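Each chain, written out:
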Amino acid sequence: MTLIDRTMAQPHPAQLIVMLALSPTISLGIAPFAYSLVLPDMRDALGWSYSAAGFMNTVNAAGYLGGALVAASLVRRFGLFRVVQAGTLACVASLLLCALSGNFALLGLARLLAGLGAAVSFVAGGALAATLAQTEPQRSSFLLSLFYAGPGLGILLSGLLAPLLLGLLGPGSWRAVWLALALVAGALTLPLLLRPIAAQAALTPGKPARFAAGPVAIYLIAYFLFGAGYIAYMTFMIAYVRDAGGGALAQSGFWCLIGAGAFASPWVWRRLIARGRSGITTAIILGVNALGAALPLLSPSPWMLAVSAAVFGVAFFAVVTTTTAFVRFNYPPEAWPSAIAAMTIVFGVGQTIGPIATGAITDAMGSLDTTLNVSAAALALGAALAAFQRPVG
């Protein structure tokens, strides 16, 4: 893979990666997680059970899994940046679909499309960000981290917009919120459409590097547990805050703390991520993630919920960053799309199982505390397993 087509004038790599980060801002920040903010109003208006609510995130995760399965093939055929563009546009379209109707099947289709777009844009965007970061080896970990600041910005934007708009417009206004989010996401997509990144985005024809799962099996299991554990927290915590007496401002503040933490995580963890050749880095950050998920079990007080959101936020997307760094440290560039896709697949399987399983458990037990228990336990086990992963080769 040629790293950069130097015959074309390009801005500084940091500027390109910041622009590229607009894709995960939409596909990994707004499109998947805004659902948690709108969910309480949708449940009330549409009469959903927790299982039905969890099913929507399971459908989203199934789309994510499907996208991860085809992402490497799409990259080889169309190139990294075109796949980023297409996946991002699919996520914007999914937001518009959510605003159209309360039909369960149509909403499920929208969530499926959001997952599909998020996965292909993430695999392609992560590989392209790693490619761009390699142009400055001394700052490569920091440059790569800039890409993963995008989801935090998306969570922050949706946290500022959705709860306050719901509070202003009143019960049953969930469609207007989806429409507003679609307009914001559409505006953020424009730079990606107007300023292509001139990189050689396809693998060398006929010479894709092989990715073997065996040497990283324990790491893949840990990443699966992360996918199952984090999504349970992100799906139901707004409902938990509301059940604890938190109004629109409390819900917005809680979500914004998660987003602010995720946005800050590249600067918090960059020195540790720069040493992420083994699984120890992932284990440390995943352990912090588990702590954040467990804190509300000690007390549902506003202060404890705020600390939980901040701790969880600063760690949860940093775990994703560590996996891309792990791939970059341990595999040649030709293997990055396939390796990142493999990581994304196991993550997607965890995301698929997590929401529907915890939703059913919550319906059976009648308490969202169960969701937090399952989430924290899965994350803690994932951290323990990741610690055993050694450098590859």
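All of these numbers come straight from a predicted model, not from anything done at the bench.

Caption draft 1: Layout of the pattern of salt bridges. Across all of its chains, the model carries one salt bridge by this definition. Between Arg242 and Asp44 there is a salt bridge, with the nearest N and O atoms lying 2.9 Å from each other. Residue Arg242 is located in helix H10 (residues 217–243), and its partner Asp44 is located in helix H3 (residues 34–46); the two are separated by 198 residues in the primary sequence. Its relative accessible area of 29% is what places Arg242 among the partly exposed residues.

Caption draft 2: The arrangement of H10 in detail. With 27 residues, H10 should cover 39 Å at 1.5 Å per step; its first-to-last C-alpha distance of 39 Å lies within 8% of that length. For H10, the principal kink sits at Phe236 and spans about 45°. Counting buried residues along H10, 21 of its 27 residues qualify, which places the element largely inside the surrounding structure. Once H10 ends, the next one or two residues include Gly245, with phi positive near 100°.

Caption draft 3: Here's a closer look at the packing of helix H12 (residues 280–294) against helix H13 (residues 302–330). Orientation of H12 relative to H13, taken along the N-to-C sense of each, is 150°, at an axis distance of 8 Å. Considering the angle they form, H12 stands roughly antiparallel to H13. When the axes of H12 and H13 are compared, the crossing they make is left-handed. On H13, the residues that touch Thr281, Thr282, Ile285, Leu286, Val288, Asn289, Gly292 and Ala293 of H12 are Ser308, Val311, Phe312, Ala315, Phe316, Ala318, Val319 and Thr322. Per-class residue counts for the contact of H12 with H13 are ten nonpolar, six polar and no charged.

Caption draft 4: Geometry of the packing of helix H5 (residues 80–98) against helix H9 (residues 174–194). Look at H5 against H9: their axes get within 7 Å of each other, and the N-to-C directions meet at 160°. Classified by the angle between their axes, H5 and H9 sit roughly antiparallel to one another. When the axes of H5 and H9 are compared, the crossing they make is left-handed. Taking contact as the criterion, the partners of Phe81, Gln85, Thr88, Leu89, Val92, Leu95, Leu96 and Cys98 in H5 are, on H9, Trp174, Trp178, Leu179, Leu181, Ala182, Ala185, Gly186, Thr189, Leu192 and Leu193. Of the residues contributing to the contact of H5 with H9, the split by class is 14 nonpolar, four polar and no charged.

Caption draft 5: Geometry of the side chain of Arg328. Structurally, Arg328 can be placed in helix H13. No salt bridge is formed by the buried Arg328. Its closest oppositely charged neighbour is Glu136, at 12 Å. With residues near it in sequence (within four places) discarded, Arg328 still touches Ala130, Gln134, Ser140, Ser141, Leu144 and Trp336.

Caption draft 6: Representation of the nonpolar core in the model. Formed by 128 residues in total, the largest nonpolar core has its most connected members in Trp178, Phe226, Tyr230, Met234, Phe254 and Phe316. A per-element tally of this core places helix H6 (residues 104–133) first, with 15 residues. Dropping the residues within four chain positions of it, Phe226 is found in contact with Leu286, Asn289, Phe316, Val319, Val320, Phe347 and Leu379.

Caption draft 7: Representation of the packing of aromatic side chains within the structure. Summed over all chains, the structure comprises 19 aromatic pairs. With a centroid separation of 4.4 Å and an interplanar angle of 15°, the aromatic rings of Tyr219 and Phe326 are classed as stacked. Residue Tyr219 is located in helix H10, and its partner Phe326 is located in helix H13; the two are separated by 107 residues in the primary sequence. On the basis of relative accessible area, Tyr219 is assigned to the buried category, the value being 1%. You can call Phe326 buried: its relative accessible area is 0%. Relative to Tyr230, the ring of Phe226 lies with its centre 5.2 Å away and its plane at 20°, an arrangement referred to as stacked.

Caption draft 8: Region of interest: the side chain of Ser278. Mapped onto the elements, Ser278 comes out in the loop between helix H11 (248–273) and H12. Of the polar contacts made by the side chain of Ser278, one reaches the backbone nitrogen of Ile280; its length is 3.3 Å. For Ser278, the contacting residues outside a window of four places in its chain are Phe326, Gln389, Arg390 and Pro391.

What counts, and at which threshold
Residues numbered from 1 in each chain as written. Predicted model: local features only at pLDDT ≥ 70, side-chain atom pairs only at ≥ 80, totals over all residues. Heavy atoms only, no water. Salt bridge = Lys/Arg side-chain N within 4 Å of Asp/Glu carboxyl O. Helix = DSSP H or I, 4+ residues; strand = E, 2+ residues; numbered from the N terminus. Buried < 20%, exposed > 50% of the residue type's maximum accessible area, 1.4 Å probe, protein only. Expected span 1.5 Å × (residues − 1). Bend = angle between axes of the 7 residues up to and from the residue. Axes fitted to C-alpha atoms, helices over the stretch in contact; angles between N-to-C directions. Parallel < 35°, antiparallel > 145°, perpendicular 65-115°, else oblique. Left-handed = near helix turned anticlockwise from the far one by under 90°. Contact = heavy atoms within 4.5 Å. Nonpolar A, V, L, I, M, F, W, Y, C, P; charged D, E, K, R; others polar. Lys, Arg positive; Asp, Glu negative; His and termini not counted. Core = buried A, V, L, I, M, F, W, Y, C linked by side-chain atoms within 4.5 Å. Phe/Tyr/Trp six-rings, centres within 6.5 Å; stacked < 30°, edge-to-face > 60°. Polar contact = N/O pair within 3.5 Å; in protein donor to acceptor, adjacent residues only side chain to side chain.

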